[in-house]
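# Structural overview
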Amino acid sequence: MGTPSLSPWAVSVLPLVLVGLWAPCVLSRQPNFIVILADDVGWGDLGANWAETKETPHLDQLAAEGTRFVDFHSAASTCSPSRASLLTGRLGVRNGVTHNFAISSLGGLPLNETTLAEVLREAGYSTGAIGKWHLGHHGHHHPTSRGFDYYFGIPYSHDMGCTDSPGYNLPPCPPCPRHGTAARVARKDCYTEVALPLFENVTIVQQPVELGSLARRYAEEAARFIQRASDSGRPFFLYLALAHMHVPLTPPLPPAPGRSLYGASLGEMDALVGRIKEVADSLGKGSTLLWFTGDNGPWAQKCELAGRLGPFVGAWQRQRGGSSAKQTTWEGGHRVPALVYWPGRVPARRTSHALLSTLDIFPTLVALAGAALPLSRRFDGLDVSPVLLGCSDVGHKVLLHPNSGAAGRVGEVEALRLGQYKAFYTTGGAMACDGSTGPAERHHPPLIFNLDRDIQEQEPLEVASREYQAVLPAISRAYTQALQDIAADNVSVADYSQDPAAIPCCNVQHVGCRCRGAHGAMLEPHVEKRTPQLCL
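Residues numbered from 1 in each chain as written. Predicted model: local features only at pLDDT ≥ 70, side-chain atom pairs only at ≥ 80, totals over all residues. Heavy atoms only, no water.

Note the cut-off: UniProt positions are given in the numbering used here, feature names are shortened, and annotations may be inferred rather than shown by experiment.
The protein carries the name Arylsulfatase G in an unreviewed UniProt entry, which gives Sitta europaea as its organism. Here the protein is described in UniProt, under the heading Subcellular location (unreviewed entry), as follows: "Lysosome". Reading the Sequence similarities (unreviewed entry) entry of the UniProt record for the protein gives the comment "Belongs to the sulfatase family."

Have a look at this one:
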């Protein structure tokens, strides 16, 4: 057996963090953990980050009562790779998940990868996942086979199946068919053949999902899970992966005059987070750590239905065409809001500028639980407990950014952060609102931006400048060392093969896989009768 290790290129910062800093932060008991992951949320979607945003009073209160991290990054800029990295502490080039899984995918997060839920369950935790999964739904890739005692949610993004009330999307999508092939309407970028399923554990309880009630259902199931875990006397880990702010948007009420559809949906997400915080506080303040963040930046091609970048506009790319948000390695693609709330432990009204990542959630929660990292694996995330607890403000020295679909080979490390410097070896723009895309460009030597002076990523350093020549050797060493470390690691390979038989369907005899009952009516969970099922 090997030993767990943090990647050598990521470890150089650790002595600064650990020596003499951890002692005041030692914990006496296992805390509860709630990780809330928003979807396609922009850094500027929080009022605490961006003054123009007015729809997030609960999140802003969370920031006031906890710590706000302003240099926090998702591990990838699209759904499946970002979620796989959060739950493994490893980049997609290590865990095998480099792009999104489909509704007909046979595979998922490789089974030889160990999830955060598996480690915490072994340490005595009750584990629950609520919301979007998108790491494989067929066979043993289902959440209940990946360390979660309980699951309630949708197996992939909620635009990957038709519904009866499709919500707001660009382009708009038709509702599910009801009466055979004649009623079916083909529409670009829309799923029109199979209805979106809602699971409780391995049972499909509704197909198609009623999108308008999904936020309420998630809040209710989260509260039930927390209460059950509390009654059992065991600590709990809840992974709550929201549908917000991914399209289609389904605000509970039409937006008020002067308020956008996006703003109305953002307000709904904010209220949901506020409710979860209230439930956690009811267990006794100080017993639960709540970590809110996002899976990637806004989906710019959705125009007015996309989120707010704040100052991270990727101006260099915009001048050349395409979006600099979701799917890209520009700051708008991976710099996401992050708040940590833990009364009595995490300092209130604090803003941290430490360079952190969703990769850090795995090793940090494992450490706080008093558990051990899995063996024979190298990790890209760090245990940043001292940063959370206010004992340090030192994070990553080096952070890697993989391609998530905008340009180049998916999963390939295309950008690197070293201190305030960010180097691009490949650039490219995703599809923008105007339909443009930015062509892939290789850069040798790399483009280098000083983010302390140029947060908009507008003007790279002149190659001939003293500053560029001074920082290039350190960047080149870090990049080479990172690639060598990945090549020497125990790397997994995900199965991306597809088969229509893998599509979740509660009744193959009905058009669109619609469940029995009037118009796909909800089959209420928590009752004995469970007829519609996904055969695993």
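Now that the structure has been shown, we can carry on.
## Considering the layout of surface pockets
Rule in force here: The rule is simple: put a 1 Å grid over the protein atoms alone, call a set of points where a 1.4 Å probe fits but cannot get out a cavity, call an open set with protein on both sides within 12 Å along at least five of seven lines a pocket, and count a residue as lining if it has an atom within 4 Å of a point. Grid points are joined across faces, edges and corners, and a volume is the space filled by probe spheres set on the points. Basically, the charged four are Asp, Glu, Lys and Arg, the nonpolar ten are Ala, Val, Leu, Ile, Met, Phe, Trp, Tyr, Cys and Pro, and anything else, Gly included, counts as polar.
As a volume, the largest pocket reaches approximately 490 Å³. Forming the boundary of the largest pocket are 24 residues, of which Asp159, Asp189, Trp299, Gln301 and Lys302 lie nearest the centre. Each residue belonging to the lining of the largest pocket can be placed in one class, and the counts come to eleven nonpolar, eight polar and five charged.

## Some details on the pairing of strand E5 (residues 126-131)
What counts, and what does not: Buried means the residue's accessible area, taken with a 1.4 Å probe over protein chains only, is under 20% of the maximum for its type, while exposed means over 50%, and partly exposed covers the values in between. Each helix is a run of DSSP H or I of at least 4 residues and each strand a run of E of at least 2, with the numbering of both proceeding from the N terminus. Pairing between strands is defined by DSSP: at least two bridges between them are needed.
Among the six residues of E5, six are classified as buried, and the element is accordingly described as predominantly covered. Relative to strand E9 (residues 236-241), E5 runs parallel, the two sharing six bridges. Note on E9: the bridge partner recorded for Ala129 is Tyr239. The pairing of E5 with strand E6 (residues 150-153) spans three bridges and is parallel. Counterpart to Gly128 in the pairing with E6 is Tyr150.

## A few points about the sheet that holds strand E3 (residues 67-69)
What counts is decided by this rule: Angles run from 0 to 180 degrees between N-to-C directions of axes, and those axes are lines fitted to C-alpha atoms, restricted for helices to the stretch in contact. When checking whether two residues touch, look at their non-hydrogen atoms; a contact exists if any pair is within 4.5 Å.
The ten strands are arranged E8-E7-E6-E5-E9-E2-E10-E11-E3-E12 in an open sheet whose pairing can be described as mixed. With one partner strand each, in any of the chains shown, strand E8 (203-206) and strand E12 (350-352) form the two edges of the open sheet. Direction aside, neighbouring strands of the sheet carry axes that sit 20 degrees apart on average. Helix H4 (residues 79-88) rests against strand E2 (32-38) and E9 of the sheet, and its axis sits at about 170 degrees to E9.

## A few points about the pattern of salt bridges
Inclusion rule: A pairing counts as a salt bridge when a side-chain nitrogen of Lys or Arg comes within 4 Å of a carboxyl oxygen of Asp or Glu.
What the rule picks out here adds up to 29 salt bridges. Residue Asp71 pairs with Arg335 through a salt bridge whose shortest N-O separation is 3.3 Å. Highlighted residues: Asp71 in the loop between E3 and strand E4 (72-73) and Arg335 in the loop between helix H10 (331-334) and strand E11 (339-341), separated in sequence by 264 residues. Neither Asp71 nor Arg335 differs from the other in exposure class; each is buried. We note a salt bridge from Asp485 to Arg94, for which the minimum N-O separation is 2.6 Å. With a gap of 391 residues between them, Asp485 in helix H13 (residues 466-487) and Arg94 in helix H5 (residues 92-95) connect regions that are remote in the sequence. When sorted by exposure, Asp485 lands in the same class as Arg94, which is buried.

## What about the state of the cysteines?
What counts here: Note on terminology: pairs of cysteine sulfur atoms within 2.5 Å are recorded as disulfides.
In total, this model carries five disulfides according to the counting rule given. There is a disulfide in this structure between Cys162 and Cys176, and the S-S distance comes to 2.1 Å. Residues Cys162 and Cys176 are joined by a disulfide whose S-S torsion is about 105 degrees; by sign, that bridge is right-handed. Taken together, the positions of Cys162 in the loop between E6 and strand E7 (198-200) and Cys176 in the loop between E6 and E7 put the pair 14 residues apart, joining distant regions of the chain. Disulfide pairing is shown between Cys506 and Cys515; the S-S distance is 2.3 Å. What makes Cys506 buried here is its relative accessible area of 13%. The exposure class of Cys515 is buried, given its relative accessible area of 1%.

## Here we look at unusual backbone geometry
Note: most peptide bonds trans; most residues except glycine with negative phi. Residues His244 and Met245 are joined by a peptide bond in cis, for which omega reads 5 degrees. With an omega of 5 degrees, the peptide bond running from His444 to Pro445 counts as cis. On the secondary structure map, Pro445 appears in strand E18 (residues 438-450). Not every positive phi belongs to a glycine, and Arg349 is a case in point at roughly 50 degrees. Within the secondary structure, Arg349 sits in the loop between E11 and E12. One non-glycine residue, Glu457, adopts positive backbone phi at about 50 degrees. Following the sequence through the fold, Glu457 ends up in the loop between E18 and H13. With a relative accessible area of 0%, Glu457 lands in the buried category.

## As for the nonpolar core
Operational definition: We call a set of buried residues a nonpolar core when its members are Ala, Val, Leu, Ile, Met, Phe, Trp, Tyr or Cys and they connect through side-chain atoms within 4.5 Å of each other.
Formed by 55 residues in total, the largest nonpolar core has its most connected members in Ile34, Ile36, Leu238, Leu240, Met269 and Phe292. Ignoring any residue separated from it by four or fewer positions in sequence, one finds Phe292 in contact with Ile36, Ala38, Leu46, Leu59, Leu62, Met269, Val273, Pro337, Ala338 and Leu339. Grouped together as the second largest cluster of nonpolar side chains are 51 residues, Leu86, Val97, Leu135 and Trp291 included.

## Things to note about the environment of Gln498
Basically, it comes down to this: Here a polar contact is taken to be a pair of N or O atoms separated by no more than 3.5 Å, where protein atoms must pair a possible hydrogen donor with a possible acceptor and residues adjacent in sequence count only if both atoms sit in side chains.
Mapped onto the elements, Gln498 comes out in the segment after H13. C-alpha of Gln498 to C-alpha of Ser105: the two residues are 393 residues apart in sequence and 4.4 Å apart in space. Residues in contact with Gln498, not counting those within four places in the same chain, are Ala102, Ser104, Ser105 and Leu106. In terms of polar contacts, Gln498 uses its side chain to reach the side chain of Ser104, at 2.5 Å.

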